[in-house]
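Each chain, written out:
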Amino acid sequence: MKMQLKTKLWGALALGAMLGLSTGSALRAQDEANGAKQGQGARRGGGLRRVITQLDLTAEQNAKLQPIVKEHNAASKAIRENAALSQQEKRAKNRELMQA
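Residues numbered from 1 in each chain as written. Predicted model: local features only at pLDDT ≥ 70, side-chain atom pairs only at ≥ 80, totals over all residues. Heavy atoms only, no water.

Trainee: I'd love a proper account of unusual backbone geometry, names of residues and values included.
Mentor: Its identity as a non-glycine residue notwithstanding, Asp-56 has a phi of 55 degrees, on the positive side. Summarising the element assignment, Asp-56 is placed in the loop between helix H2 (46–55) and helix H3 (59–81). When its relative accessible area of 64% is taken as the criterion, Asp-56 is described as exposed. (Helix = DSSP H or I, 4+ residues; strand = E, 2+ residues; numbered from the N terminus. Buried < 20%, exposed > 50% of the residue type's maximum accessible area, 1.4 Å probe, protein only.)

Trainee: For the pattern of salt bridges, give the residues involved together with the corresponding values.
Mentor: One pass over the full model with this rule turns up two salt bridges. Between Glu-60 and Lys-64 there is a salt bridge, with its nearest N and O atoms 3.7 Å apart. Remark: Lys-64 and Glu-60 occur in helix H3; sequence separation between them is four residues, near one turn of the helix. The exposure classification of Glu-60 matches that of Lys-64, with both residues exposed. The partner of Lys-77 in a salt bridge is Glu-81, and the shortest N-O contact between them spans 4.0 Å. Here Lys-77 pairs with Glu-81, and both are found in helix H3, just four residues apart, close to one helical turn. (Salt bridge = Lys/Arg side-chain N within 4 Å of Asp/Glu carboxyl O.)

What follows is the structure, encoded as structure tokens:
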């Protein structure tokens, strides 16, 4: 009885791992197909872009969202490029920006 439970548990874990890997591969392939850059910078903004795509917004909704996204991106870039801030201060400011 315990052996069957262990076997089912390992099977479920393996299936979950395979699904997770295939989902990640599919998302990377989608990003590459959409012209996303490779490397560390490719992840920046990818989550938001993916969420916006999944929301299937109307043209009007997308038009209202774009200025908000641009403002957020500009603020985030200003924080990243501010040489007067330490890495810890930049992280804190980015957290504040995400909460706003």
